[in-house]
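Reading the structure
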Amino acid sequence: MTACITGWAHTRFGRLDGEDSESLIVRVVREAIADANLEAEAIDAIYLGTFNAGMSPQEFPGALVLQADDALRFKPVTRVENACATGSAAIYQGLNAIKSGSARHVLCVGVEKMTACDTATVGKSLVRASYVAEEAREGMTFPGIFGKIAQGYFQRYGDQSDALAMIAAKNHKNGSVNPLAHVQKDLGYEFCRNPSDKNPFVAPPLKRTDCSMISDGAAALVLSVPDASKNAKKAVMLRTTMQVNDFLPISRRDIISFEGPKVAWARALEDAKLGLDDLSFVETHDCFTIAELIEYEAMGLTEAGQGARAVQEGWTQKDGKLPVNPSGGLKAKGHPVGATGVSMHVMAAMQLTGEAGGCQVDGAELGGVFNMGGAAVANYVSILEPLR
């Protein structure tokens, strides 16, 4: 054991008019420190994750954390970025600080303000997380990239439109009882399956319900050394953390196989001395429904090409043998890029402390988190369990 999560905070995700990155950061920083039953003076280091890439005029945002409390002044703050895995990257840097012995309590924050921009600007910002020289062609967007991934998967394994709609419907059902989610509505399978004026094709075969939301939001958590965690009012241990990066160009990989996520999961489970069946739930990176489908295969839930079976047979429902995205996932909860990885860890910690409300998985004892940056490029797997 290297560290425990001893406190956290999470805004609602969505279109948060009247909020900017600074106000979101300040709110979650104050709440997370208080939730850890600490004073700001006890924080030894701070890592802020935000992607930005042109969505906000405020670059160099790290010191905005200090706006939350004057006692944070002169604390070391580092801004971290690793595409859609930026939040997990911030957490892993915090873990490194604790492992090194230079910190006892570390504050990790993730934030993104996206809705102040129009959709075209957001698209231009996000596509910078691809291999621009080959993939960011005129008009190409991240939905377009994942649409091509879905096309390739369908060509290899057959049309999986039914399975993608089942994944979307599952996650919206889960998100409907998550008060922090961007979309708190059970859309149902039929709506997700059939194209319509309200659910048009975005990047065929992907429809609007196959794509995560453009969202604002922030989340924060406090990491503490083991001896300090024993005295905390709650503590969730990071049993294993594993990062695997793959080549950036899709042309150098079999993108349909999600090789990086597969390696990350295998190494994490081996390090934790666990099998996938030991996990109570997984929060996985469903930026698009096709991503969740392939991630079933990468984590070892099914063989290649058989991911549809997991959702069709109910395995990944909240009462299934391995609930996946009981929070609603990125699909329903929202995807403010820099906040997502921190949010996923907070959602897992809430499950493991019985604080997940309507999203709660009965008897949750071990949780997995998979956060992905780019198209299966930066891959983070964490396995969490309550300290007591």
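What comes next is a walk through the structure.

Scoring rules and cut-offs
Residues numbered from 1 in each chain as written. Predicted model: local features only at pLDDT ≥ 70, side-chain atom pairs only at ≥ 80, totals over all residues. Heavy atoms only, no water. Pairing = 2+ DSSP bridges. Helix = DSSP H or I, 4+ residues; strand = E, 2+ residues; numbered from the N terminus. Axes fitted to C-alpha atoms, helices over the stretch in contact; angles between N-to-C directions. Contact = heavy atoms within 4.5 Å. 1 Å grid on protein atoms, 1.4 Å probe; cavity = no way out; pocket = protein on both sides within 12 Å on 5 of 7 lines; lining within 4 Å. Points joined across faces, edges and corners; volume = space filled by probe spheres on them. Nonpolar A, V, L, I, M, F, W, Y, C, P; charged D, E, K, R; others polar. Core = buried A, V, L, I, M, F, W, Y, C linked by side-chain atoms within 4.5 Å. Buried < 20%, exposed > 50% of the residue type's maximum accessible area, 1.4 Å probe, protein only. Phe/Tyr/Trp six-rings, centres within 6.5 Å; stacked < 30°, edge-to-face > 60°. Lys NZ or Arg CZ within 6 Å of the ring centre and 35° of its normal. Salt bridge = Lys/Arg side-chain N within 4 Å of Asp/Glu carboxyl O.

A few points about the sheet that holds strand β7 (residues 217-224)
Across a sheet, strands are paired by hydrogen bonds formed along the backbone, either parallel or antiparallel in direction. With respect to topology, nine strands assemble into an open sheet ordered β3-β2-β4-β7-β1-β8-β11-β10-β9, the strand pairing being mixed. This sheet does not close on itself; its edge strands, each paired only once, are β3 (77-80) and β9 (281-283). Here the average twist between neighbouring strands, direction ignored, is 25°. For strand β2 (residues 45-49) and strand β4 (residues 105-112), the ladder comprises five bridges, and the chain directions are parallel. In the strand pairing of β4, Ala45 is matched with Val106. Helix α2 (residues 86-100) rests against β2, β3, β4, β7, β8 (236-245), β10 (367-373) and β11 (378-386) of the sheet, and its axis sits at about 170° to β4.

Let's talk about the layout of surface pockets
Estimated volume of the largest pocket: approximately 760 Å³. For the lining of the largest pocket, the elements supplying multiple residues, two or more each, are α3 (119-126) and α5 (142-157). It is α3 that contributes the most residues to the lining of the largest pocket, six residues altogether. Broken down by class, the residue content of the lining of the largest pocket amounts to 20 nonpolar, eight polar and five charged.

Considerations on empty space enclosed by the protein
Using the criterion set out here, one finds two cavities of 30 Å³ or more in the structure. As a volume, the largest cavity reaches approximately 60 Å³. Lining the largest cavity are Ser21, Ile25, Thr50, Asn52, Ser56, Gln58, Pro61, Val111, Glu112 and Lys113. Those elements that place two or more of their residues in the lining of the largest cavity are α1 (21-35) and β4.

Details of the nonpolar core
Formed by 106 residues in total, the largest nonpolar core has its most connected members in Phe146, Leu223 and Ile290. If you tally residues by element for this core, the top one is helix α13 (residues 337-352), at nine residues. The contacts of Ile290, once residues within four sequence positions are left out, are Phe146, Ile149, Ala150, Tyr153, Leu164 and Leu206. If you look at the next biggest cluster of nonpolar residues, it comprises 26 residues, including Leu24, Ala40, Val109 and Val222.

Overview of the packing of aromatic side chains
Taken as a whole, this structure holds four aromatic pairs when the rule is applied. Measuring from ring centre to ring centre gives 4.9 Å for Tyr92 and Tyr380, while their planes differ by 80°; the resulting arrangement is edge-to-face. In this pair, Tyr92 sits in helix α2 while Tyr380 sits in strand β11, placing the two residues 288 residues apart along the sequence. Centre to centre, the rings of Tyr153 and Tyr157 are 4.8 Å apart; their planes meet at 55°, and the pair counts as tilted. With Tyr153 and Tyr157 both in helix α5, this residue pair falls four residues apart, about one helical turn. The class for Tyr153 is buried, based on a relative accessible area of 0%. With a relative accessible area of 29%, Tyr157 lands in the partly exposed category. Chaining the aromatic ring pairs together yields one cluster made of Phe142, Phe146 and Phe288. Across from the ring centre of Phe247, 3.7 Å away, lies the NZ or CZ of Arg252, which sits over that ring. Here the guanidinium or amino end of Lys321 rests over the ring plane of Trp315, the centre of that ring lying 3.8 Å away.

Re the pattern of salt bridges
This structure, assessed with the given rule, holds 14 salt bridges. Notably, a salt bridge pairs Glu292 with Lys170, separated by 3.0 Å at the nearest N-O pair. In this pair, Glu292 sits in helix α10 (residues 289-299) while Lys170 sits in helix α6 (residues 161-175), placing the two residues 122 residues apart along the sequence. For Lys170, a relative accessible area of 2% translates into the label buried. Lys234 serves as the salt-bridge partner of Glu355, at 3.4 Å between the closest nitrogen and oxygen. One end of the pair, Glu355, is in the loop between α13 and β10; the other, Lys234, is in the loop between α8 (226-229) and β8, with 121 residues separating them in the sequence. When its relative accessible area of 36% is taken as the criterion, Glu355 is described as partly exposed. Counted as one network, the salt bridges with shared partners bring together Asp35, Lys233, Lys234 and Glu355.

Here's the deal with the pairing of β8
Pairing between strand β1 (residues 4-10) and β8: two bridges, direction antiparallel. Paired with Cys4 across the bridge in β8 is Met237. Relative to β11, β8 runs antiparallel, the two being bridged by nine bridges. Counted as the bridge partner of Thr240 is Ile383 from β11.

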